[in-house]
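Given next are the chains, with one letter for each unit.
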Amino acid sequence: MKRYDKDFIMLPTVDFCFKELMQNSKVRKGFVAALLSCDPEDIDKTVLMPTILDRDTPDDKQGILDVRVALSDGTQLDMEMQVAYFAFWEKRILFYLAKMYTEQLQKGESYGKLEKCIHVSILDFIHFPDDGECYRVMHFYDEKSGRAYTDMMEIQILELKKFQPGKEEGCILDWIQFFRGSSRKEFADMAKKSEYLDEAYNELLQLSADEQKRLEYEAREKALKDYNTQMDYALEYGYQQGIERGMKEGIERGMKEGVERGMKDGIEQGIEQGIEQGRQQTKKIFKLHMEGKIPEEISEICGISVDEVKAILE
């Protein structure tokens, strides 16, 4: 990236840029209004809250939100920008939502003080591959009657990559299109749709012209790219290791079985089965690793040595 490229503009999909955008009260108000399907003028104020969630004990997992907003009626929103696929995303957002909801009460206080909490996932990857919906709102429902149990906890998911320009219209969809922009022209075109999107575009211009902000943005962008590269390499390396190991075991097994039913057929079937077993074993190892299992536990579960587990994960 050229440091003095006059066409450079920060992209909202980089979480640093998104957080900076939400520091602007007018931008924040416009986006929150779109999420709540109301007129921005009906929103009294939006207040930024601390993004570090409380821990009941020192051993509790730390939760750090991207942007946390409180409304004058007590409603809270957690907005998370996620550019790359994250394993167990649905479990992570439930953890955040539950922590945000429960920490409203201090010891001895009435449950009546609890106010609505909304989690908003803005995803630059496909989370629900079976449909083309780019925006959805979810609550607790009765499976038989379809009646809502409560709306006190709500999840909204925006899948940027599913948006199709010209196919749908609506305030929230305008924001989805804005967030997925990749050039000054795209942002400038979107700015014409409302004064709040215009404010967001102007904020992007100011952020992009600030040398210190730009350095922070570039550092975060590089960190995201490095992380994704490392994950891609780890998965590819892990799969290859698993396949090679599976082929070796398959060939050995096939040769032994081939004595009884024919050497050629046994080797071919053994190789085929070994490759598939290697793939499945590798996927299982990575899944257990992402669940927090240590190599020793994975070794016991999968029936392979700790060194083999470490070789695949490393």
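In this report, we go over the structure that sits alongside the text. (Residues numbered from 1 in each chain as written. Predicted model: local features only at pLDDT ≥ 70, side-chain atom pairs only at ≥ 80, totals over all residues. Heavy atoms only, no water.)

1. Observations concerning the overall build of the chain
Okay, step 1: In terms of helices and strands, the chain carries 10 helices and six strands.
Okay, step 2: In the chain, which comprises 314 residues, the proportion classed as buried is 41%.
Okay, step 3: Per element, the accessible surface of the chain, about 18,200 Å² overall, is 51% carbon and sulfur. (Helix = DSSP H or I, 4+ residues; strand = E, 2+ residues; numbered from the N terminus. Buried < 20%, exposed > 50% of the residue type's maximum accessible area, 1.4 Å probe, protein only. Areas by Shrake-Rupley, 256 points an atom, 1.4 Å probe, with all protein chains shown as cover.)

2. Quick look at the packing of aromatic side chains
Okay, step 1: Under the counting rule described, the total for this entry stands at nine aromatic pairs.
Okay, step 2: Measuring from ring centre to ring centre gives 5.8 Å for W175 and F179, while their planes differ by 45°; the resulting arrangement is tilted. Taken together, the positions of W175 and F179, both in helix 4 (residues 171-179) and four residues apart, correspond to about one turn of that helix.
Okay, step 3: In textbook terms, an aromatic cluster arises when at least three aromatic residues are bridged by ring pairs, as seen for F18, F31, W175, F178, F179 and F187.
Okay, step 4: The ring of Y196 carries the charged tip of K26 above its face, separated from the ring centre by 5.7 Å.
Okay, step 5: When the ring centre of F8 is taken as reference, the NZ or CZ atom of R214 above it lies at 3.8 Å. (Phe/Tyr/Trp six-rings, centres within 6.5 Å; stacked < 30°, edge-to-face > 60°. Lys NZ or Arg CZ within 6 Å of the ring centre and 35° of its normal.)

3. Quick notes on the pattern of salt bridges
Pairing between side chains becomes possible if they bear opposite charge and their charged atoms approach one another.
Okay, step 1: All chains considered together, the criterion is met by 17 salt bridges.
Okay, step 2: Where E20 meets K213, a salt bridge forms, and the shortest distance between an N and an O atom there is 3.1 Å. Of the two residues, E20 is situated in helix 1 (residues 15-21) and K213 in helix 7 (residues 211-261); the sequence distance between them amounts to 193 residues.
Okay, step 3: With a shortest N-O distance of 2.8 Å, R68 and E103 are connected by a salt bridge. Separated by 35 residues along the polypeptide, R68 in strand 2 (residues 67-71) and E103 in the loop between helix 3 (89-102) and strand 4 (117-123) bring together distant segments of the chain. No difference in accessibility class separates R68 from E103, as the two residues are buried.
Okay, step 4: Connected via shared salt-bridge partners are D131, R136, E159 and K162. (Salt bridge = Lys/Arg side-chain N within 4 Å of Asp/Glu carboxyl O.)

4. Quick word on helix 2 (residues 25-36)
Okay, step 1: Taking 1.5 Å per residue as the helical rise, helix 2 with its 12 residues ought to reach 16 Å, and the 16 Å between its terminal C-alpha atoms agrees with that figure.
Okay, step 2: When we look at burial in helix 2, the residues that qualify are V27, R28, G30, F31, V32, A33, A34 and L35.
Okay, step 3: The backbone nitrogen of K26 has a side-chain oxygen 2.9 Å away, supplied by the residue at the start of helix 2, namely N24.
Okay, step 4: With its phi angle positive at about 55°, S37 sits one or two positions after the end of helix 2. (Expected span 1.5 Å × (residues − 1). Polar contact = N/O pair within 3.5 Å; in protein donor to acceptor, adjacent residues only side chain to side chain.)

5. A closer look at the sheet that holds strand 6 (residues 148-159)
Okay, step 1: The mixed open sheet is built from six strands, whose spatial order is 1-2-3-4-6-5. Both edges of this open sheet fall to strand 1 (46-48) and strand 5 (135-141), since each of them pairs with a single strand only. Between one strand axis and the next, the sheet turns through 25° on average, direction left out of account.
Okay, step 2: Here strand 5 runs beside strand 6; their pairing, made up of six bridges, is antiparallel. Note on strand 6: the bridge partner recorded for Y135 is L158. (Pairing = 2+ DSSP bridges. Axes fitted to C-alpha atoms, helices over the stretch in contact; angles between N-to-C directions.)

6. Some points on the nonpolar core
Okay, step 1: Core analysis: the biggest nonpolar cluster contains 46 residues, and F31, M79, F178 and F179 have the highest contact counts within it.
Okay, step 2: When contributions to this core are tallied by element, the ones reaching two or more residues are helix 1, helix 2, strand 2, strand 3 (76-82), strand 4, helix 4, helix 5 (184-191) and helix 6 (195-209).
Okay, step 3: In this structure, L53, Y96, L97 and I155 belong to the second largest nonpolar core, which totals 16 residues. (Core = buried A, V, L, I, M, F, W, Y, C linked by side-chain atoms within 4.5 Å.)

7. Observations concerning the packing of helix 5 against helix 6
Okay, step 1: Relative orientation of the contacting elements helix 5 and helix 6 amounts to 150°, with a least axis distance of 7 Å. Taken as axis vectors, helix 5 and helix 6 run roughly antiparallel relative to one another. Of helix 6, the residues touching helix 5 (which contributes R184, F187, A188, M190 and A191) are L197, D198, Y201, L204 and L205.
Okay, step 2: Of the residues belonging to the contact of helix 5 with helix 6, the class tally is eight nonpolar, no polar and two charged. (Parallel < 35°, antiparallel > 145°, perpendicular 65-115°, else oblique. Contact = heavy atoms within 4.5 Å. Nonpolar A, V, L, I, M, F, W, Y, C, P; charged D, E, K, R; others polar.)

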